[in-house]
Amino acid sequence: MDFFQKVYQVTQQIPEGRITTYGTIANYLGAPRSARMVGWALNKSNVRDLPAHRVVNRNGLLTGKFHFDGTNLMKELLENEGILVVDNQIQEMENYFWDPAKELL
DNA sequence: GGCGTGACTTGAA
DNA sequence: ATTCAAGCCACGC
């Protein structure tokens, strides 16, 4: 299984109304210091069905918002799932956090 | 094949 | 607590 493929699967398996971080995914894939690769992989996969809007950085900030649409599309998608987003940042992300190592098994 | 860049993270000043 | 700098790996030029 390639690193990218894993990222794709994990991202696709993120439950609705939940979010995760690049570092968490990277760590789950065995590359705790390669969080950038995760984001980069998503960049090449944004043309797929990957709900990349559910993946944010460690601070819960929607860093990839500009790569999504350049507008508030990402924010709306998250809000549409019941996640409160303010200023491109997820509020109480701890409450929405989704850990693949715990939830996905 | 080398250099620079990137949807990040973490450690140190 | 906040800000700066370095590390990470793959892709593009």
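Scroll up a little and you will see the structure.
Bear in mind that the values here come from a model prediction, so they are computed numbers and not experimental data. (Residues numbered from 1 in each chain as written. Chains lettered and ligands numbered in written order. Predicted model: local features only at pLDDT ≥ 70, side-chain atom pairs only at ≥ 80, totals over all residues. Heavy atoms only, no water.)

(A) Broad picture of the overall build of chain A. Scanning chain A from N- to C-terminus turns up seven helices and four strands. Order of helices (α) and strands (β) in chain A, N terminus to C terminus: α-β-α-α-β-α-α-β-β-α-α. Relative to its length of 105 residues, chain A is compact, with a C-alpha radius of gyration of 12 Å against a globular reference of 13 Å. Burial status across chain A gives 41% buried among its 105 residues. Here the contacts in chain A between residues at least 6 apart in sequence split such that 65% fall between residues at least 24 apart. With the model as given, the accessible surface of chain A reaches about 6300 Å², and the carbon-plus-sulfur share is 44%. (Helix = DSSP H or I, 4+ residues; strand = E, 2+ residues; numbered from the N terminus. Rg over C-alpha atoms; globule rule 2.2 N^0.38 Å. Buried < 20%, exposed > 50% of the residue type's maximum accessible area, 1.4 Å probe, protein only. Contact = heavy atoms within 4.5 Å. Areas by Shrake-Rupley, 256 points an atom, 1.4 Å probe, with all protein chains shown as cover.)

(B) Just the protein's contact with DNA strand C, in detail. Around DNA strand C lies a shell formed by Phe4, Arg33, Ser34, Arg36, Met37, Trp40 and Lys44. Near the protein, within 4 Å, the atoms of DNA strand C are sugar or phosphate in 67% of cases. Within the backbone of Arg33, one N or O atom sits 3.3 Å away from a sugar or linking oxygen of DNA strand C. Separating a base oxygen of DNA strand C from a side-chain N or O atom of Arg36 is a distance of 3.3 Å. Among the elements that line the surface near DNA strand C, the one with the most residues is helix α3 (residues 35-45), at four residues. In terms of residue class, the surface near DNA strand C is made up of three nonpolar, one polar and three charged. (Near = heavy atom within 4 Å. Polar contact = N/O pair within 3.5 Å; in protein donor to acceptor, adjacent residues only side chain to side chain. Nonpolar A, V, L, I, M, F, W, Y, C, P; charged D, E, K, R; others polar.)

(C) Broad picture of the protein's contact with DNA strand B. Close contacts around DNA strand B come from 18 residues, with Arg36, Met37, Gly39, Arg58 and His67 the closest. Here DNA strand B approaches the protein such that, of its atoms within 4 Å, sugar and phosphate make up 47%. Between a base nitrogen of DNA strand B and a main-chain N or O atom of Asn43, the distance comes to 3.0 Å. Only α2 (22-28), α3 and α4 (65-68) provide two or more residues apiece to the surface near DNA strand B. When residues in the surface near DNA strand B are grouped by element, the largest group, six residues, is from α3. Counted by class, the surface near DNA strand B contains six nonpolar, nine polar and three charged residues.

(D) Here's a closer look at the pattern of salt bridges. Throughout the structure, instances matching the rule amount to two salt bridges. In this structure, the salt-bridge partner of Glu81 is Arg54, at a minimum N-O distance of 2.6 Å. Of this pair, Glu81 sits in the loop between α5 (73-80) and β3 (85-86) while Arg54 sits in the loop between α3 and β2 (55-56); the two residues are 27 residues apart in sequence, bridging distant segments of the chain. The class of Glu81 is buried, set by a relative accessible area of 18%. Arg54 gets classed as buried once you look at its relative accessible area, which sits at 10%. Between Glu79 and Lys75 there is a salt bridge, with its nearest N and O atoms 2.7 Å apart. Remark: Lys75 and Glu79 occur in helix α5; sequence separation between them is four residues, near one turn of the helix. (Salt bridge = Lys/Arg side-chain N within 4 Å of Asp/Glu carboxyl O.)

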